[in-house]
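So you can see what is in the structure, the chains are spelled out below.
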Amino acid sequence: MSQSLTNFADLVRSATKSAVHLELRDVYSVENEDEGFRAWRAGHRLDPADRSSWWRPWLDLVQEVTANGVSVKRARIISEPASEYIRYEHSFTFTNVAGGEEVRWLPRRNTSDLLLPGNDFWLFDGRIVQFNIFDGEGRWVHTDQNDEPTVARFCAAAFDVVWNRATPHDKYSV
């Protein structure tokens, strides 16, 4: 994403209890993943035993905050059969888990009765929401932050219902 990693890292570090992320898209087209996606398409897979080859800044940050007692969770709502991008994403999600994130997957067909926000979001300590805005091609456009209690409660409730229905990463295959 084009968002400054430093600013986002500061926001993640500001959490004292939880940082939860809800992903709603089947395709993302973010610049920092282009090379990895091309390599995956050509048959390259990350080696779980070669930690030094993984994307370190995010894993280091997750390890830092989870060591301080912050729960980091990510829920992904996806279409089935999964898009090529989601299959790529699933192939390296073990790195998120190794870094300390809990990750779950929920097929979109199991969400029709849910009230969900229109955009992906991060929710920090149940009080600060950062919506990630993407264009129709999956390119990151900008973020909108919101600390209105009603919006934060809505996002917390949406995340919780998705989380409770979703399948843990180690039990979900694409």
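Definitions and limits used
Residues take numbers from 1 onward in each chain, read along the sequence in its written order. Thresholds applied to this predicted model are a pLDDT of at least 70 for local features of residues and 80 or more for the giving and counting of side-chain atom pairs; totals over whole chains, interfaces and linings are not thresholded and use all residues. Note that the side-chain values use all heavy atoms of the structure and ignore hydrogens as well as water. Secondary structure elements are defined from DSSP: runs of H or I of at least 4 residues count as helices, runs of E of at least 2 residues count as strands, and each element is numbered from the N terminus. Here the radius of gyration uses the C-alpha set of atoms, whereas the globule reference equals 2.2 Å times the residue count to the power 0.38. In these tables, accessible area is a Shrake-Rupley quantity obtained with a 1.4 Å probe, and a residue counts as shielded only by the protein chains included in the view. For the purposes of this section, nonpolar cores are sets of buried Ala, Val, Leu, Ile, Met, Phe, Trp, Tyr and Cys residues that join through side-chain atoms within 4.5 Å. Summary of the burial criterion: residues with accessible area below 20% of their type's maximum are buried, those above 50% are exposed, and those between are partly exposed, where the area comes from a 1.4 Å probe applied to protein chains only. For this analysis, residues touch if any pair of their heavy atoms sits within 4.5 Å. Orientation is described by lines fitted to C-alpha atoms, with helices fitted over the stretch in contact, and by angles between N-to-C directions that extend from 0 to 180 degrees. Oblique is the label for any angle not under 35 degrees, not over 145, and not in the 65 to 115 range, which are roughly parallel, roughly antiparallel and roughly perpendicular in turn. Each residue receives one of three labels: charged for Asp, Glu, Lys and Arg, nonpolar for Ala, Val, Leu, Ile, Met, Phe, Trp, Tyr, Cys and Pro, and polar for the others, Gly being one of them. A pair is scored as a salt bridge if a Lys or Arg side-chain nitrogen falls within 4 Å of a carboxyl oxygen belonging to Asp or Glu. The span expected for a helix works out to 1.5 Å for each residue beyond the first. Any two strands with at least two DSSP bridges between them are considered paired. Any pair of N or O atoms that falls within 3.5 Å is considered a polar contact. Within protein, one atom must be able to donate a hydrogen and the other to accept it, and sequence-neighbouring residues count only if both atoms are side-chain atoms.

### Side note on the overall build of the protein
Now for step 1: Helix and strand counts for the protein stand at 5 helices and 7 strands.
Now for step 2: Tracing the protein from N to C terminus, the helices and strands come up as α-β-α-α-β-α-β-β-β-β-α-β.
Now for step 3: Expected size for 174 residues packed as a compact globule is a radius of gyration near 16 Å; at 16 Å, the protein falls within 12% of this value.
Now for step 4: Reported as C-alpha extents along the three principal axes, the dimensions of the protein are approximately 45 × 35 × 30 Å.
Now for step 5: By element, 49% of the accessible surface of the protein is carried by carbon and sulfur atoms, the whole surface being about 9100 Å².

### Quick word on the nonpolar core
Now for step 1: By size, the foremost hydrophobic cluster in this structure holds 19 residues, and its most contacted members are Leu22, Phe121, Val129, Phe131, Phe159 and Val162.
Now for step 2: Counting residues per element, the ones that place at least two in this core are β1 (18–23), β2 (71–78), β4 (120–124), β5 (128–134) and α5 (149–165).
Now for step 3: Considering every element that reaches this core, the biggest residue donor is α5, with 6 residues.
Now for step 4: When sequence neighbours within four positions are dropped, the list of residues in contact with Val129 reads Phe121, Trp122, Leu123, Asp144, Gln145, Asn146, Val151, Ala152 and Cys155.

### Side note on the packing of helix α3 (residues 56–67) against helix α4 (residues 84–99)
Now for step 1: Running from N to C, α3 and α4 cross one another at 30°; their axes reach a closest spacing of 8 Å. In terms of their interaxial angle, α3 and α4 are classed as roughly parallel. Between α3, through Trp58, Leu59, Val62, Gln63 and Thr66, and α4, the contact on the second element is made entirely by Thr95, Asn96, Ala98 and Gly99.
Now for step 2: Of the residues contributing to the contact of α3 with α4, the split by class is 4 nonpolar, 5 polar and no charged.

### A closer look at the pattern of salt bridges
Any two side chains of opposite charge can pair, on the condition that their charged atoms come close.
Now for step 1: For the structure on display, the rule yields 11 salt bridges.
Now for step 2: In this structure, the salt-bridge partner of Asp113 is Arg165, at a minimum N-O distance of 2.7 Å. In this pair, Asp113 sits in the loop between β3 (102–107) and β4 while Arg165 sits in helix α5, placing the two residues 52 residues apart along the sequence.
Now for step 3: Accessibility expressed as a relative area gives 36% for Arg165, which makes it partly exposed.

### Considerations on α5
Now for step 1: Over its 17 residues, α5 extends 24 Å from the first C-alpha to the last, a length consistent with the 24 Å expected when each residue adds 1.5 Å.
Now for step 2: Looking at the buried positions of α5, the neighbouring elements they touch are β1, β2, β3, β4, β5 and β6 (140–146).

### Quick look at the sheet that holds β6
Now for step 1: Strand order in this open sheet of 7 strands is β6-β5-β4-β1-β2-β3-β7, and the pairing throughout is mixed. Edge positions in the open sheet fall to β6 and β7 (167–168), since each of these has one partner strand only.
Now for step 2: Pairing between β1 and β4: 4 bridges, direction antiparallel. The residue bridging Val20 from the neighbouring strand is Leu123, located in β4.
Now for step 3: Across the sheet, α4 lies against β1, β2 and β3, angled at about 155° from β3, the strand it touches most.
Now for step 4: Lying on the sheet, α5 is in contact with β1, β2, β3, β4, β5, β6 and β7; it crosses β2 at an angle near 75°.

### Some thoughts on the side chain of Asp125
Now for step 1: With respect to the element layout, Asp125 can be found in the loop between β4 and β5.
Now for step 2: A distance of 2.8 Å separates the side chain of Asp125 from the backbone nitrogen of Thr16, its partner in a polar contact.
Now for step 3: What Asp125 contacts, discounting residues up to four positions off in sequence, is Ser14, Ala15, Thr16, Lys17 and Ser18.

So, to be careful, I would describe these as geometric facts and stop short of saying anything about function.
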